[in-house]
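Each chain, letter by letter, is given below.
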Amino acid sequence: MDRRTFIRLTAVSGATTAVGACSVPSESLIRFVPDEDVVPGLSVWTPGVCTLCGAGCGLTVRLMDADADVLRDGQKGVKRTLAAKKLEGHAEHPVNHGRLCARGQAGIQVTYHPDRITQPLKRAGERGTGRYEAIDWEEALADLAKRLDAVRATARPGRLAWFGRAGAGHRDALVLAFVRRLGGSGPIAFDVFGDEVLRRANAQSFGRHQLPTLDLVQARYVISCGADFLGTWNSPVAHSLGYGAMRQGRRGIRGAFVQVESRMTQTGANADEWLPANPGTEGALALGLAHVIMARGAARAGVAGRAGAQIEECADGLPSFNPEAVSGLTGVSAKRIERLATELIDNRPSVVIVSGPPLAHTNGLFTALAVNALNALIGAVEQPSGLFFTPQANVAAMAKLDAIGQAPADILPMHAFVAERLADAASTPELLIVDGANPVFSAPPAWRLRASLLRVPTIVSVGAFLDETSALADLILPDHSFLESWTDAMPESGASTGVISVAAPAMRPLHNTKSTVDVLREVSAKLQPPLEWPWQTHEEFLMASIGTLPPTEKDGDGWSEVQMRGGWWGDLPPTLRRASSLSDETSGGSRAGSARGAAVPSPRQLERFTTPQFDGDSTAFPLYFLPAVSPVFLDGSLAHLPWLQELPDPLTSAMWSAWVELNPDTAQGLGIRDGDVVRVTSAHGWVEAAAILSLGIAPTLVAMPAGQGHTTYTRYASGRGANPFTILAAVTEETTGALAWAATRVKIEHVSGPDGRLVLFAGGQRAHGASDYPPHR
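Residues numbered from 1 in each chain as written. Predicted model: local features only at pLDDT ≥ 70, side-chain atom pairs only at ≥ 80, totals over all residues. Heavy atoms only, no water.

Colleague: Help me get a handle on the overall build of the protein, residues and values and all.
Modeller: Summing up its helical and strand segments, the protein has 22 helices and 27 strands in all. Evaluated residue by residue, the protein yields a buried proportion of 59% over its 777 residues. Considering only contacts in the protein between residues 6 or more positions apart, those separated by 24 or more positions represent 73%. Entry remark: accessible area of the protein is about 30,000 Å², with carbon and sulfur atoms responsible for 52%. (Helix = DSSP H or I, 4+ residues; strand = E, 2+ residues; numbered from the N terminus. Buried < 20%, exposed > 50% of the residue type's maximum accessible area, 1.4 Å probe, protein only. Contact = heavy atoms within 4.5 Å. Areas by Shrake-Rupley, 256 points an atom, 1.4 Å probe, with all protein chains shown as cover.)

Below, the structure is given as structure tokens:
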């Protein structure tokens with residue numbers, strides 16, 4: 001090691017103390033040579049890409065000189081370097097326009113997290129015990145290459161599998177091509193709160209297998225069925241900007257907003273009118289509105305076009321969905337249905353949005369198709385104030401990767417993977433790579449996923465943290481953080497133009513980690529025979545792809561402009577736009593997480609309303625259970641960040657806690673008061689948490705925000721609260737295979753009075769009980 005690698009300035013005694021009368025050998029801390037580009041006291045701003053959700057927001061990263069704890073060749077030390085100090089929104093980015101949500105602000109803690117995996121690890125104990133030994137990268141890559149060679153030598157299809165989160169970036173495409181070239185199948189993507197039902201409905205209704213973008217700025221009337229678009233769904237920063245303009249951005253015009261949901265969300269709390277409907281009946285409500293509109297002659301059935309043609313009776317005016325019949329299904333009065341329909345058509349331009357719990361039922365696809373038909377009927381598709389679809393760029397390198405990978409790759413739903421691939425030894429993959437997904441935490445217990453994964457001979461993780469799934473890995477190859485590596489994203493929605501967010505590393509890696517793209521490239525060279533790629537670095541890969549797009553500035557030169565701006569956005573050339581549209585209409589879209597390669601299905605028959613099915617006898621389990629998306633942790637993947645643990649829930653002010661929400665009338669009948677510990681039981685298990693009484697939840701419903709209850713996920717999330725996924729039924733939506741996570745029945749019982757497990761911001765546990773609330777109306 002030469003002098004430029006490190007200089008021993010002083011021997012600082014670190015972590016050395018005397019315990020009892022025993023002395024501990026001194027450990028020297030090394031002060032390494034500072035980075036050459038460090039200027040003390042000077043801030044540097046550089047583009048970045050937020051990866052904490054799928055919105056693909058652009059970042060501006062503030063860098064300043066700082067002392068960083070680093071590990072070099074096994075030696076701990078301190079180095080003066082440019083380090084990220086603050087994340088802000090990118091002012092010119094077409095998705096977030098300079099804004100950034102609280103989750104994005106907390107993303108900086110991913111890089112500096114004290115429990116981050118800092119070097120390659122090899123299992124040294126029984127699976128799941130968390131016992132690992134450190135190894136160097138040469139040994140780690142040689143070990144992986146040896147295992148991959150052994151897997152490739154077998155002729156069995158599907159011998160290699162890849163768990164990941166749904167994504168559409170270049171990294172995801174490269175991973176997919178790598179797996180296919182080694183004989184693996186398509187990726188297994190599992191997002192418990194995913195939007196595959198809505199994507200499938202949009203494919204059938206509009207020929208676009210993607211989430212919609214909302215033009216709220218010009219809307220005058222909005223009805224949302226379950227979509228928490230201001231808090232957790234799709235692209236909340238973009239939605240919040242549009243919503244603010246809709247409500248306050250036009251002189252003399254303030255758009256009206258109605259939220260239909262059984263449990264109040266952050267979005268519902270902002271509505272002019274909050275309307276609970278019976279779970280799983282929102283599609284019937286949408287068709288009830290359509291019936292009134294057509295019955296009054298405000299629109300003809302033919303206007304609904306392809307979207308209306310998906311629904312039985314639409315051509316005849318939906319006679320079965322008259323207000324009285326719909327009222328009996330939904331619990332919404334016929335008079336209110338007629339009023340909402342009148343307001344929807346009289347206050348055009350208007351739009352109806354659907355997502356979340358309404359689509360998490362066995363009839364979720366019907367609900368989405370019904371709302372699509374209503375939007376088409378009122379002229380809200382690809383029109384100002386309505387919904388449209390962000391152009392998706394089919395750039396050069398992505399197409400080249402498809403050619404290299406050769407075979408198409410269909411997404412395999414997790415429940416099908418468990419049933420078809422993990423059912424017996426003959427079909428179980430020989431090697432599984434886990435890439436940021438944690439299905440062991442969020443899968444329903446009936447899938448027995450953890451037990452099934454223990455039968456997989458080799459599991460490799462490329463994640464930066466130990467969680468319930470990566471703790472089963474035999475080999476851990478930690479990735480850089482998103483601030484330390486090239487990062488890109490192709491936002492599915494949120495902008496009117498095509499967008500590719502791209503950012504170079506904002507700072508040098510703090511630890512002995514390696515980009516997963518570099519891991520795949522380097523291990524490819526070690527295979528026998530080697531896999532060859534047309535790019536040697538992550539930057540070359542991105543440059544060959546995005547650098548081929550036309551400059552958006554008059555004198556721009558492509559790639560240099562992309563790096564300076566933090567991405568590419570603008571109108572797609574006609575050839576790329578046609579390619580994108582064709583991909584959406586014939587292959588299910590180009591997103592890595594969206595049934596890629598599968599033809600958009602034609603409905604076997606016209607969709608008709610069916611009563612949603614629930615797991616659990618209604619006598620033994622009289623209440624519906626809703627595992628709600630957390631506005632802080634989402635599905636629990638962000639629970640390891642302490643800033644988010646300390647962030648009060650926007651409606652309850654709870655923090656560092658798990659809780660159960662129920663209506664005061666329901667609680668009063670069960671002798672439950674605010675803060676009491678309760679037990680929620682389904683046919684598959686039980687959880688205990690403190691009760692929070694709320695008028696913003698229907699009396700027939702019990703809700704529990706997701707995120708807490710981790711058994712293994714850093715010091716900040718492990719052993720904290722309860723996990724609602726552990727009592728979910730393994731019920732799925734038939735067409736897509738998506739988990740129907742709102743289809744479980746439960747009962748609730750009083751356990752004890754408050755025991756301190758519930759932490760509320762500014763004031764602690766509330767003193768009043770259920771009797772202090774007015775009756776529910």
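Colleague: Got a sec to walk through the sheet that holds strand β19 (residues 487-489)? Specific residues and values, please.
Modeller: Ordered in space as β19-β20-β21, the three strands form an open sheet in which the pairing is antiparallel. Of all the strands in the sheet, just β19 and β21 (567-570) have a single pairing partner and so form its edges. Strand-to-strand twist of the sheet, defined as the mean angle between neighbouring strand axes without regard to direction, takes the value 15°. Where β19 lies against strand β20 (residues 498-503), three bridges are found, and the strand directions are antiparallel. Bridge pairing in β20 places Thr487 opposite Ala503. (Pairing = 2+ DSSP bridges. Axes fitted to C-alpha atoms, helices over the stretch in contact; angles between N-to-C directions.)

Colleague: How would you summarise a nonpolar patch on the surface if you had to cite specific residues and measurements?
Modeller: The grouping of Val39, Leu42 and Val44 at the surface amounts to a nonpolar patch, some 220 Å² of accessible area in total. Along the chain, Val39 turns up in the loop between β2 (28-32) and β3 (44-49). (Patch = residues over 30% accessible without salt bridge, like charges linked within 9 Å, V, L, I, M, F, W, Y side chains within 5 Å. Salt bridge = Lys/Arg side-chain N within 4 Å of Asp/Glu carboxyl O.)

Colleague: Just give me the short version of the pattern of salt bridges, but keep the residues and values in it.
Modeller: Pairs can form between side chains of opposite charge whenever their charged atoms are close. Considering all chains together, one arrives at 27 salt bridges under this definition. In this structure, the salt-bridge partner of Glu138 is Lys526, at a minimum N-O distance of 3.0 Å. Taken together, the residues Glu138 in helix α3 (residues 137-153) and Lys526 in helix α16 (residues 516-526) connect sequence positions 388 residues apart. Here Glu138 falls in the exposed class, since its relative accessible area comes to 52%. One connected set of salt bridges, linked through shared partners, spans Glu273, Arg336, Arg339 and Glu343.

Colleague: Tell me about empty space enclosed by the protein, residues and numbers included.
Modeller: For the structure on display, the rule yields 10 cavities of 30 Å³ or more. Approximately 130 Å³ is the volume attributed to the largest cavity. Taken together, 17 residues form the lining of the largest cavity, with Ser630, Phe633, Ser657, Trp659 and Gln708 sitting closest to its centre. Of the volumes computed, that of the second largest cavity is approximately 100 Å³. Cys50, Leu52, Cys53, Ala55, Gly56, Cys57, Leu100, Cys101, Arg103, Gly104, Pro236 and Val237 are the residues that line the second largest cavity. Put simply, the parts of the chain that give the lining of the second largest cavity at least two residues each are α1 (102-106) and α6 (236-248). Looking at the lining of the second largest cavity, its residues break down into nine nonpolar, two polar and one charged. (1 Å grid on protein atoms, 1.4 Å probe; cavity = no way out; pocket = protein on both sides within 12 Å on 5 of 7 lines; lining within 4 Å. Points joined across faces, edges and corners; volume = space filled by probe spheres on them. Nonpolar A, V, L, I, M, F, W, Y, C, P; charged D, E, K, R; others polar.)

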